[in-house]
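Working through the structure, step by step
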Amino acid sequence: MTNAAGNTQFANQYKIGSNVTADLAPGWRIRNAGSVFREITPSLKIGTLFNNRAITNFAGNQSYGDAPLYWRNPGRSVFFNLAMTVP
């Protein structure tokens, strides 16, 4: 296949398979937690639960050497959040 200028192009030259990621985000609400706080809400978020680091997209070619470059899923991440309500 060629483009409008007559240069050879390779559309979809690099086939990338599908992949699946999963996130987990449990949270709790604790009411009447004590005399200072009316409510405490801790939550946890785990991104990319199974640590899937599959290639997700083609990012082009290197300017020198023409090597293919790819985008990947980020590794696992863990976030903790704590919200407290005072009366």
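Further up the page is the structure itself.
Presented here is an overview of the structure given in this document. This structure is a prediction, so every number in the text was calculated from the model and none was measured.

About the cut-offs
Residues numbered from 1 in each chain as written. Predicted model: local features only at pLDDT ≥ 70, side-chain atom pairs only at ≥ 80, totals over all residues. Heavy atoms only, no water. Helix = DSSP H or I, 4+ residues; strand = E, 2+ residues; numbered from the N terminus. Contact = heavy atoms within 4.5 Å. Areas by Shrake-Rupley, 256 points an atom, 1.4 Å probe, with all protein chains shown as cover. Pairing = 2+ DSSP bridges. Phe/Tyr/Trp six-rings, centres within 6.5 Å; stacked < 30°, edge-to-face > 60°. Buried < 20%, exposed > 50% of the residue type's maximum accessible area, 1.4 Å probe, protein only.

When helices and strands are tallied, the protein shows zero helices and five strands. The order of helices and strands in the protein, counted from the N terminus, is β-β-β-β-β. Pairs at least 24 residues apart make up 52% of the contacts formed inside the protein by residues separated by at least 6 positions. When the accessible surface of the protein is split by element, carbon and sulfur atoms take 54% of a total near 7,100 Å².

The subject of this paragraph is the environment of R38. Topologically, R38 is positioned in the loop between β1 (30–31) and β2 (39–47). Note: C-alpha distance between R38 and T85 (47 residues apart in sequence) is 5.5 Å.

This part is about the pairing of strand β3 (residues 55–61). Strand direction decides the pairing type here: β3 and strand β4 (residues 68–72), joined by five bridges, are antiparallel. Bridge pairing links I55 to R72 in β4. As consecutive antiparallel partners, β3 and β4 are separated by six residues, and within that stretch G65 has a phi angle of approximately 95 degrees, a positive value.

This part takes up unusual backbone geometry. The backbone of T48 sits at a positive phi, close to 50 degrees, despite the residue not being glycine. Relative to the helices and strands, T48 resides in the loop between β2 and β3.

Glancing now at the sheet that holds strand β5 (residues 77–85). Working definition: the strands of a sheet are paired by backbone hydrogen bonds and lie parallel or antiparallel to each other. Strand order in the open sheet formed by three strands is β1-β2-β5, and the pairing between neighbours is antiparallel. Every interior strand has two partners, whereas the edge strands, β1 and β5, have only one. Relative to β2, β1 is paired through two bridges, and the arrangement is antiparallel. The residue of β2 that forms the bridge with I30 is I40.

Moving on: the packing of aromatic side chains. Scanning all chains against the criterion turns up one aromatic pair. Taking the centre distance of 5.9 Å and the plane angle of 65 degrees together, the rings of F58 and Y70 count as edge-to-face. Of the two residues, F58 sits in strand β3 while Y70 sits in strand β4, which places them 12 residues apart along the sequence. Take Y70: its relative accessible area is 34%, and that puts it in the partly exposed class.

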